[in-house]
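Next come the chains, spelled out residue by residue.
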Amino acid sequence: MKVWRARIIAGVSALALLGGCALTQPAETEPALAQQTTTTPTYSPAIMLPDPTPTPTATTPTTTPTPTPTVTPTTVEVAADVDCTVAKCIALTIDDGPSERSGKVLDTLKKYNVKATFFLVGNRIGNYTAAVKRMGAEGHSVQNHSYSHPEFWYMSSAQIKSQLTKTSKLIKKYTGTAPTMYRPPYGESNKTVRKVGKNLGLAQVLWDIDPKDWKDRDADTVAKRVIKNAKPGSIILTHGLYSSTIKAYKKFIPELQAKGYVFVTVDQLFPKGMKAGTNYACQAAPKCREPA
Ligand SMILES: [Zn+2]
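This structure is a prediction, so every number in the text was calculated from the model and none was measured.

Looking only at helices and strands, the protein features eight helices and eight strands. Contacts in the protein between residues far apart in sequence, at least 24 positions, make up 77% of those at least 6 positions apart.

Shown next, in the form of structure tokens:
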């Protein structure tokens, strides 16, 4: 019972501190569909919830029309040349891929000339190697989000190390570049997690904007939350698994660009460099607390 009590308290803490990716049950495996036959959790991590939008068949026309962008992407500053000590930089992070929607995510980023940071789940990479290669080839930052999306709070150093090492190897294999950052699943971090990250040469990246796209599959709602909370230096948490999230990109990206924001990769937010073992999340939100 002690264990369960600790889990409940820990889960509540995560919700209170991070406001995102809360959960009521562990996710040691990556059971996108397998666990649906048992019970539906009240709160679930993005990776465990299938998109409710039915997959269009060959005979069914798509129900996702492409909205017209409100600004012309040609006016956007080139992210590679931007100086984030001067410009209004903002980082879009995309978790839990790769997936069957990665191609559409990449097409959307390309359309708006956005470089994003992907946090990939290692055991999905083998099924979508072309998408992972494309992420690297198109100038995105491809980083580590564990191998099977487990809860790091309940794992030993050796287990966490194994999760991160396996995924880093796969990312290096398909993009040619080893990750320098990781994001613990559900944002579950502590001293042990950060120590493992430090030993592996990885900086930890959380977020300050969580539009809860995994929970509310509505593009307008998600886009409004991002736009309302955006500040220079913000790190936006999203999940590349849902058509509603891709639709939200098409709303909030051009709107923020019209307000002068430049979308950059997370490392560009920190021109002095990122230190392994350090948590990066709160630079745009002074009251943001680092998790215990
Ligand atoms: Zn995740």
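Right, let's get into helix α6 (residues 191-199). Residues V193, R194, V196 and G197 constitute the buried set of α6. Each buried residue of α6 sits inside an arc of 160° when the element is viewed along its axis, so together they form one side. Check the buried side of α6 and you find it contacts α5 (157-175), β4 (181-182), β5 (203-205) and β8 (279-280).

Among the nonpolar cores identified, the biggest contains 60 residues, and I236 and F263 are the most heavily contacted of them. In terms of residue count, the dominant contributor to this core is helix α8 (residues 243-258) (six residues). Apart from residues no more than four positions distant in its own chain, I236 is found in contact with I90, A91, L92, T93, W207, I209 and V226.

Right, let's get into the pairing of strand β1 (residues 88-95). Among the eight residues in β1, seven count as buried, and that is most of the element. Bridge analysis of β1 against strand β6 (residues 235-239) gives five bridges, and the strand direction is parallel. Note on β6: the bridge partner recorded for T93 is L237. Strand direction decides the pairing type here: β1 and strand β2 (residues 117-120), joined by three bridges, are parallel. Residue pairing in the sheet places I94 in a bridge with F118 of β2.

So, on to helix α7 (residues 219-229). The periodicity of an α-helix, 3.6 residues per turn, causes residues three or four places apart in sequence to face the same way. When we look at burial in α7, the residues that qualify are A219, V222, A223 and V226. Each buried residue of α7 lies within a common arc of 95° when the element is viewed along its axis, so the set occupies one face. For α7, the elements touching its buried residues are β6 and α8.

Right, let's get into the packing of helix α2 (residues 102-111) against α8. The contact between α2 and α8 brings their axes to 10 Å, and the two run at 0°. The angle between the axes of α2 and α8 places the two elements in the roughly parallel class. The segment α2 lies against α8, with K104, V105 and T108 engaging I246, Y249 and K250.

Moving on, we come to the environment of I246. Topologically, I246 is positioned in helix α8. Measuring from C-alpha to C-alpha, the distance between I246 and D213 comes to 10.0 Å, with 33 residues separating the pair along the chain. Look past the residues within four positions of I246 in its chain and what remains in contact with it is R101, K104, V105 and T108.

Reading guide: rules and limits
- Residues numbered from 1 in each chain as written.
- Predicted model: local features only at pLDDT ≥ 70, side-chain atom pairs only at ≥ 80, totals over all residues.
- Helix = DSSP H or I, 4+ residues; strand = E, 2+ residues; numbered from the N terminus.
- Contact = placed C-beta atoms within 7 Å.
- Buried ≥ 20, exposed ≤ 12 C-beta atoms within 10 Å, placed from the backbone.
- Arc of directions from axis to C-beta.
- Core = buried A, V, L, I, M, F, W, Y, C linked by C-beta atoms within 7 Å.
- Pairing = 2+ DSSP bridges.
- Axes fitted to C-alpha atoms, helices over the stretch in contact; angles between N-to-C directions.
- Parallel < 35°, antiparallel > 145°, perpendicular 65-115°, else oblique.

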